[in-house]
Amino acid sequence: ISSPTRGDFFYENEAISFSGTVGDAEEEPTSLRVEWRSDIDGILGISNIPSADGQTEGAAFLSEGEHSITLNVVDSEDKYSSTTVTVRVGPPNSSPTCSIISPLDEEASMFGELANFIGEAEDIDIPEGSLLVEWSSDIDGFLATTNPDSSGRILFSQQGLSRGNHIISMVVYD
């Protein structure tokens, strides 16, 4: 099993990629039967026919819990082999929340001055410092990518915004 790896963490509402390699000394990989199985959710709906080079892959959702994922392979004489990896699945991932603290709506600055922005972001699933923040302007487009500090505070400065009334957007990704 090349993916997932031991100890990986996923969310219940996240598609998990599964991949592995199978082989047999006497038979072509495409004649082998493959089964992906979770000790909690049972057989996973992943293709059971490996490619000519023995690759087997697909994606599935798992329920919350600690899963032992087993890749079973069986040849035409019912000889088999298996390997197992353990992964953890948490509850569904929650979206982060964010707000722009400064500047306030309709606040003006002088053309050519440094524009300072302050925002806040939080996420109940991961530490705030792990979030990714993208800033953009409806006039100038993408401005920057930043990260909040551990308290969720985001400081960002931009030199050289174009003249005009900008709508500044802040999008936070977890």
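Residues numbered from 1 in each chain as written. Predicted model: local features only at pLDDT ≥ 70, side-chain atom pairs only at ≥ 80, totals over all residues. Heavy atoms only, no water.

A. Inspection of the environment of T83 at higher detail. Along the chain, the position of T83 falls in strand β7 (residues 80-90). The class for T83 is partly exposed, based on a relative accessible area of 34%. Considered as a pair, T83 and T21 are 62 residues apart in the sequence and their alpha carbons are 11 Å apart. (Helix = DSSP H or I, 4+ residues; strand = E, 2+ residues; numbered from the N terminus. Buried < 20%, exposed > 50% of the residue type's maximum accessible area, 1.4 Å probe, protein only.)

B. Up close: the side chain of Q158. If you trace the backbone, Q158 turns up in strand β12 (residues 153-158). If we skip the residues at most four places from it in the chain, Q158 touches E113, L114, A115, F117 and L143. (Contact = heavy atoms within 4.5 Å.)

C. View of a nonpolar patch on the surface. A contiguous nonpolar surface patch, about 230 Å² in accessible area, is contributed by L132, V171 and Y173. With respect to the helices and strands, L132 occurs in strand β10 (residues 132-137). (Patch = residues over 30% accessible without salt bridge, like charges linked within 9 Å, V, L, I, M, F, W, Y side chains within 5 Å. Areas by Shrake-Rupley, 256 points an atom, 1.4 Å probe, with all protein chains shown as cover. Salt bridge = Lys/Arg side-chain N within 4 Å of Asp/Glu carboxyl O.)

D. Quick peek at the packing of aromatic side chains. Tallying each qualifying case throughout the model produces five aromatic pairs. Pairwise contacts between aromatic rings join F117, W135 and F156 into one cluster. Here R163 stacks its cationic end above the ring of F111, 4.0 Å away from the centre of that ring. (Phe/Tyr/Trp six-rings, centres within 6.5 Å; stacked < 30°, edge-to-face > 60°. Lys NZ or Arg CZ within 6 Å of the ring centre and 35° of its normal.)

E. Just the sheet that holds strand β13 (residues 168-173), in detail. If you trace the three strands from one edge of the open sheet to the other, you get β11-β10-β13, paired in antiparallel fashion. Each edge of the open sheet is held by one strand with a lone partner, namely β11 (141-146) and β13. The mean inter-strand angle of the sheet, taken between neighbouring strand axes irrespective of direction, is 20 degrees. Alignment of β10 against β13, held across six bridges, turns out to be antiparallel. The residue of β13 that forms the bridge with W135 is M170. (Pairing = 2+ DSSP bridges. Axes fitted to C-alpha atoms, helices over the stretch in contact; angles between N-to-C directions.)

F. Structural context of the environment of Y11. Relative to the assigned elements, Y11 resides in strand β1 (residues 9-11). Expressed as a C-alpha distance, the spacing of Y11 and L143, which sit 132 residues apart in the sequence, is 31 Å. In contact with Y11, other than residues within four places in its own chain, are V89, G90, P91, P92, N93, D125 and I126.

G. Structural context of the nonpolar core. Among the nonpolar cores identified, the biggest contains 17 residues, and F18, W36, L44, L62 and I69 are the most heavily contacted of them. The set of elements that each furnish at least two residues to this core consists of β2 (16-21), β3 (33-38), β6 (65-74) and β7. Leave out the neighbours within four places in its chain, and F18 touches S3, P4, W36, L44, I46, T56, E57, G58, A59, A60, L62 and I69. (Core = buried A, V, L, I, M, F, W, Y, C linked by side-chain atoms within 4.5 Å.)

H. Inspection of the sheet that holds β6 at higher detail. Read across the open sheet, the five strands follow the order β1-β7-β6-β3-β4; overall the sheet is mixed. Two strands lie at the open edges of the sheet, namely β1 and β4 (42-43), each paired on one side alone. With six bridges joining them, β3 and β6 adopt antiparallel strand pairing. Across the sheet, V34 pairs through a bridge with V73, a residue of β6.

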